[in-house]
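Architecture at a glance
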Amino acid sequence: SAIMDGFLERRVFPRLVSSGRHVQGFVDDDAYWIDVGSPERYLQVNLDLLRAQSAEAAGQGTALLTEEGARVHGDAYVTGPVLVGRDTAVEASVRLVGPCVIGAGCVVEAGATVEESVLWDAVRVGPGASVTSSVLGQRCHVGAEATVRHAILADGATVAPGLTAPEGIRADPGTTLGKSA
């Protein structure tokens with residue numbers, strides 16, 4: 001079955017209430033609740049939680065958070081909040097525009113841009129490439145000078161060098177977009 005955004009609030013909860021079953025809830029002014037029923041909501045919750053964690057850590061809402069072994073080149077432009085995972089390399093002249101999450105073992109090559117996105121482990125973003133408002137699964141590869149916007153790329157998907165991927169694309173695992181990369 002297809003993923004349905006808002007499934008809990010539009011289908012499950014109304015059906016429970018209309019069935020006459022006993023439904024309880026409570027109010028918690030400090031709680032954050034979201035139905036992560038779509039990749040877009042998954043992206044939203046990751047970025048929201050990173051904003052909150054960064055605000056607590058820095059008191060400013062802007063922070064570079066790095067895990068053990070992460071290497072961010074000194075001339076990379078970083079505006080937070082940005083989380084860089086274990087053993088990830090961010091090369092020279094990279095732009096990281098938060099909030100964004102970059103997983104473990106990733107490489108963001110020279111001159112690339114990653115903005116408001118979640119990259120899972122072992123993702124490679126080629127030199128001069130741009131990834132915006134997207135989720136990239138494990139082992140995805142975005143070729144040199146390629147552009148990815150508002151996309152969901154499943155594990156192992158590849159975007160050929162120089163390609164502007166169709167905005168909003170959802171690529172299946174192992175898919176190659178464009179010429180062989």
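Above this text sits the structure in question.
An order of β3-β6-β9-β12-β15 is seen for the five strands of this open sheet, with the pairing classed as parallel. Of all strands in the sheet, those with a lone pairing partner are β3 (77–79) and β15 (147–149), marking the two edges. Neighbour-to-neighbour, the strand axes of the sheet open up by a mean angle of 0°, direction not taken into account. Here three bridges tie strand β9 (residues 113–115) to strand β12 (residues 130–132), and the two strands are oriented parallel to one another. For Thr113, the partnering residue across the bridge sits in β12 and is Ser130.

Now for the pattern of salt bridges. Applying the stated criterion across every chain, the model contains three salt bridges. Across the pair Arg86 and Glu68 runs a salt bridge whose closest N-O atoms are separated by 3.5 Å. Of this pair, Arg86 sits in the loop between β4 (82–84) and β5 (89–90) while Glu68 sits in the loop between β1 (64–66) and β2 (71–72), and the two are 18 residues apart along the sequence. For Arg86, a relative accessible area of 41% puts it in the partly exposed group.

Residue Pro81 is bonded to the preceding Gly80 through a cis peptide linkage, with omega at 0°. Its place among the elements puts Pro81 in the loop between β3 and β4. A positive phi angle is found at Ser93, which is not glycine, with a value near 60°. Turning to its location among the elements, Ser93 is positioned in the loop between β5 and β6 (95–97). You can call Ser93 partly exposed: its relative accessible area is 44%. Its identity is not glycine, yet Arg139 carries a phi of approximately 65°, on the positive side. Positionally, Arg139 belongs in the loop between β13 (135–136) and β14 (141–142).

With that settled, the discussion passes to the environment of Val108. Inspection of the secondary structure puts Val108 in strand β8 (residues 107–108). Taking relative accessible area as the criterion, Val108 reaches 0% and is therefore assigned buried. Among all residues touching Val108, those that are not within four sequence positions of it are Ala89, Val90, Glu91, Val94, Ile102, Val114 and Val125.

Among the nonpolar cores identified, the biggest contains 30 residues, and Leu96, Leu119, Val125, Leu136, Val142, Val148 and Leu153 are the most heavily contacted of them. Of all the secondary structure elements, the ones that give two or more residues to this core are β4 and β7 (100–102). Not counting chain neighbours up to four residues away, the residues in contact with Leu119 comprise Val101, Ile102, Gly103, Val114, Val125, Val131 and Leu136. By size, the runner-up hydrophobic cluster in this structure holds nine residues, among which are Leu50, Leu65, Val118 and Ile152.

Moving on, we come to the side chain of Thr113. Tracing the backbone shows Thr113 in strand β9. Excluding its chain neighbours within four sequence positions, the residues that come into contact with Thr113 are Arg95, Ala129, Ser130 and Val131.

Rules and cut-offs
Residues numbered from 1 in each chain as written. Predicted model: local features only at pLDDT ≥ 70, side-chain atom pairs only at ≥ 80, totals over all residues. Heavy atoms only, no water. Pairing = 2+ DSSP bridges. Helix = DSSP H or I, 4+ residues; strand = E, 2+ residues; numbered from the N terminus. Axes fitted to C-alpha atoms, helices over the stretch in contact; angles between N-to-C directions. Salt bridge = Lys/Arg side-chain N within 4 Å of Asp/Glu carboxyl O. Buried < 20%, exposed > 50% of the residue type's maximum accessible area, 1.4 Å probe, protein only. Contact = heavy atoms within 4.5 Å. Core = buried A, V, L, I, M, F, W, Y, C linked by side-chain atoms within 4.5 Å.

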